[in-house]
Amino acid sequence: MEKFRLLAILLLVSLVSLADGVNADPSDSQQSSKKSEIEKLAEKVQSFIGDDDEQAKVYGQRLIDLAQEKRDTQHIGKGYYFLGDIAYYASEFVQAGAHYDKAIYFLERTDDVEMLALSYSSRGSIAYFQGEYAGAIDLYMKSLNLFSELQLKVDIANAYHNLGMTYKELENFDESLEYYKKALALNNEINRQESAALNLNGMAALYLRFNYYKAALPVLLQVEAIYRELKDDLNLASVLNNKAMVYAESEDLKTALKLYKEAHLLFDKVGYERGSINALIGIASCYGQLKNYQQAELYFDRCYREAKSKDLMGIYLGCLEDHYEILRERKDYKRALSKMVEMNALRDSLHGEEQRKELARVKAQYEVDQQQLRIEELENESKIEQLKDRQNDIILISLLLVIGSLGAIIIVQVFNSRQKHKHNDLLSAKNLQIETRNSKVIKLNDELKQKNKLLEASEKKLNETMEAKDRMMKIIVKDIYKPVEIMHNDAVEIIEAIKANGSNGVESKAQNIQLKSGSVKGLLDGILTWTALHDGKLNYNPESINLLNCVDGVLEILSDNILEMELQVDNTIDPDCQIEADEEMLIVVFTNLIKSTIRYSLPKGRISINAVPSNDEIKVEVIDDGVAKSYEEKSKLLEQATASDVTQDDAGVGLGLLMSSRLINIHGGVIGVEVMDSGRTSYYFTIPV
């Protein structure tokens, strides 16, 4: 396709050079404009990301298409990286991962190290969010190595932080802490205070996760100081909430209560409802542990109201759990049972089967508590009985020992049952991992098969395209050669005539050149139509058209050719003849067939055009006197055109007949040559009704 466009451009440039005496080569400026277009597209994509993602997608795909056309591997990789960012910000992680994988594939084949490192880092984040922590570490390490090679300290610090987060999810305390410390040291070195606060926050979360509360407290104090200086109320409230947890675990409940209240005020100030309600739960729990049950109940009620009104049922469940523990400490078992039932229903709606198992554990604990309550009641009864009758002391003590033994047996059985469930859960998780990996392998095999099929189809299409291009080149050379040779000879004669006789005879030769240049232009139009037809870009739009009007329009276009040959044209098509066809394609067919008929007619000859309808089709005929070429010669010419094998003597006809044949095939008809009873010959084609 590209070869044909270049050939057409070169032919037009050559014609202009003959007329104006100048040589021009537009390829250099065209090349530079396309290069600048790639850069402009890349900048446009970046400007739209985050503001108008739909436009960013459109320009991103255009960037990839143009870069593929120019074989610019670097910008292909950049285009896929931009598409990955768009999908990432839309939380479409699967699609984002696929785009980043393509970006990595292309950028690994360029020297754009920084963009490749960014692609590794972004793909690592996708793996992190999908729980593929081992893969995330591998990608983060690759990005870290490249950023270190480029000495980009900001990106190196970010890579350290990402590795710290990922190792934390893998429960690897030492590796996680080491990378958090490296990130903190580098951010302090380059004076990135806010990023340093994030590193400290990560370290504090790591300590809290492993219950190292004493180690977490000084880190939280450092983070608090930074966020107070930055006046970052949201992050400051989160840090205060974590500090309160540490003090609560250390049983410094008054300090914890103060911190929870300050965190609550800050969360309210910034409008973060989830954090605000969590802080209220902490306040209520502190009051409960301080035995100030009235205040605890007030704050628990407030938590319930606000969580329910904001539809934050996960937080509502947390409030229920803390309230349940406080009620158990108060030995208010009736209300505790009510909260347990409510937790049961809420967990069923929120978490399903896995949370129901946890509820069963709570229920079992409640049964143990009930048994303990019954034991205490029996002890009270025994004391009363002792006061009434000391003679029953031995019997009551024995009964208590038996009940205690039964309780111990139940506790041991519950403990063993929990251990068994825990081991079963671990085994199920391992089996699920194995099944997931097997399904991934099967999926990858299926994708490989699909890609092989696409590759085979592409190879077949490429071979067909190359064969079609070879045939087209033969037709173009043969069809262009004769008119150009005639124009060249006429130009030589004009020069000789001017030298010998002045301007005598120049006008007729100039008219001949004009006529032949029009022929060359028609051939070039045919080439462009053929390439559009071959590439599938020529749309087939059938509509109801009047056949007589269509033919009259073509005859008007070819009137100069008809007058030059002094031909008589008989158009006997019924004025009411309507057919369903693509009018533009039909005009091309009529133009080619009538031009071919004019070419092979003798001067003052006769051409007849008619349409013969039948049950399922209409047969359209273009008939000549059958003198200049015989039926056998025309039939052979049509066969050669269909096979792209016309001779030089038939220049200008082969491409037109080949194009006409393809256009009629699109309509579902056929084209051919036949001899009439009168000895005349005709081109004909059929159109289904």
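Each remark here, short or long, concerns the structure printed above.
1. Looking at the overall build of the chain
Turning to step 1, where the next piece is worked out: When its secondary structure is counted, the chain shows 25 helices and 7 strands.
Turning to step 2, where the next piece is worked out: Among the 689 residues that make up the chain, the fraction classed as buried is 39%.
Turning to step 3, where the next piece is worked out: For the chain, the share of sequence-separated contacts (at least 6 apart) that also reach a separation of at least 24 residues comes to 60%.
Turning to step 4, where the next piece is worked out: Summed over its atoms, the accessible surface of the chain is roughly 39,300 Å², and 52% of this surface lies on carbon and sulfur atoms.

2. As for the pattern of salt bridges
As a working rule, side chains carrying opposite charge can pair if their charged atoms are close by.
Turning to step 1, where the next piece is worked out: Across all of its chains, the model carries 21 salt bridges by this definition.
Turning to step 2, where the next piece is worked out: The closest approach of N and O atoms between lysine 182 and glutamate 178, which form a salt bridge, is 3.5 Å. One end of the pair is lysine 182 and the other is glutamate 178, both in helix α9 (residues 173-189) and 4 residues apart, which spans about a single turn.
Turning to step 3, where the next piece is worked out: Of the charged contacts, one joins lysine 619 and glutamate 621 as a salt bridge, the two residues approaching to 3.8 Å between their closest N and O atoms.
Turning to step 4, where the next piece is worked out: If you follow the salt bridges from partner to partner, you end up with Glu224, Arg228, Lys243 and Glu262 in one network.

3. Focus on the packing of aromatic side chains
Turning to step 1, where the next piece is worked out: The tally for this structure, following the rule as stated, stands at 21 aromatic pairs.
Turning to step 2, where the next piece is worked out: Consider the rings of phenylalanine 48 and tyrosine 59, whose centres lie 5.5 Å apart with planes at 10°: the pair is stacked. Residue phenylalanine 48 is found in helix α2 (residues 27-48), and its partner tyrosine 59 is found in helix α3 (residues 53-70); the two are separated by 11 residues along the sequence.
Turning to step 3, where the next piece is worked out: On the basis of relative accessibility, which here comes to 14%, the residue tyrosine 59 falls in the buried class.
Turning to step 4, where the next piece is worked out: Relative to tyrosine 272, the ring of phenylalanine 267 lies with its centre 5.6 Å away and its plane at 55°, an arrangement referred to as tilted.
Turning to step 5, where the next piece is worked out: Note on tyrosine 272: relative accessible area 37%, which makes it partly exposed.
Turning to step 6, where the next piece is worked out: An aromatic cluster is present here, built from Tyr88, Tyr89, Phe93, Tyr128, Phe129 and Tyr133 joined pairwise through their rings.
Turning to step 7, where the next piece is worked out: The ring of tyrosine 105 has arginine 109 sitting right over it, with the charged end atom 3.7 Å from the ring centre.
Turning to step 8, where the next piece is worked out: In this structure, lysine 619 packs its charged tip against the face of tyrosine 684, placed 4.7 Å from the ring centre.

4. Notes on the nonpolar core
Turning to step 1, where the next piece is worked out: The biggest cluster of nonpolar side chains holds 62 residues, and the ones touching the most others in it are Leu200, Met203, Val219, Ile283 and Phe300.
Turning to step 2, where the next piece is worked out: Among residues more than four places away in sequence, those in contact with isoleucine 283 are Leu257, Tyr260, Lys261, His264 and Tyr299.
Turning to step 3, where the next piece is worked out: By size, the runner-up hydrophobic cluster in this structure holds 47 residues, among which are Leu41, Tyr81, Leu107 and Ala183.

5. Brief notes about the sheet that holds strand β4 (residues 606-613)
Turning to step 1, where the next piece is worked out: Spatially, the 5 strands line up as an open sheet ordered β2-β4-β5-β7-β6, and their pairing is mixed. Each edge of the open sheet is held by one strand with a lone partner, namely β2 (568-571) and β6 (671-675). Each neighbouring strand pair of the sheet contributes to a mean axis angle of 20°, computed without reference to strand direction.
Turning to step 2, where the next piece is worked out: Packing of helix α21 (residues 547-557) onto the sheet brings it into contact with β2, β4 and β5 (617-623), and relative to β2 it is tilted by some 165°.
Turning to step 3, where the next piece is worked out: Sheet strands in contact with helix α23 (residues 583-599) are β4, β5, β6 and β7 (681-688), and its direction is about 170° off that of β7.

Rules and cut-offs
Residues numbered from 1 in each chain as written. Predicted model: local features only at pLDDT ≥ 70, side-chain atom pairs only at ≥ 80, totals over all residues. Heavy atoms only, no water. Helix = DSSP H or I, 4+ residues; strand = E, 2+ residues; numbered from the N terminus. Buried < 20%, exposed > 50% of the residue type's maximum accessible area, 1.4 Å probe, protein only. Contact = heavy atoms within 4.5 Å. Areas by Shrake-Rupley, 256 points an atom, 1.4 Å probe, with all protein chains shown as cover. Salt bridge = Lys/Arg side-chain N within 4 Å of Asp/Glu carboxyl O. Phe/Tyr/Trp six-rings, centres within 6.5 Å; stacked < 30°, edge-to-face > 60°. Lys NZ or Arg CZ within 6 Å of the ring centre and 35° of its normal. Core = buried A, V, L, I, M, F, W, Y, C linked by side-chain atoms within 4.5 Å. Pairing = 2+ DSSP bridges. Axes fitted to C-alpha atoms, helices over the stretch in contact; angles between N-to-C directions.

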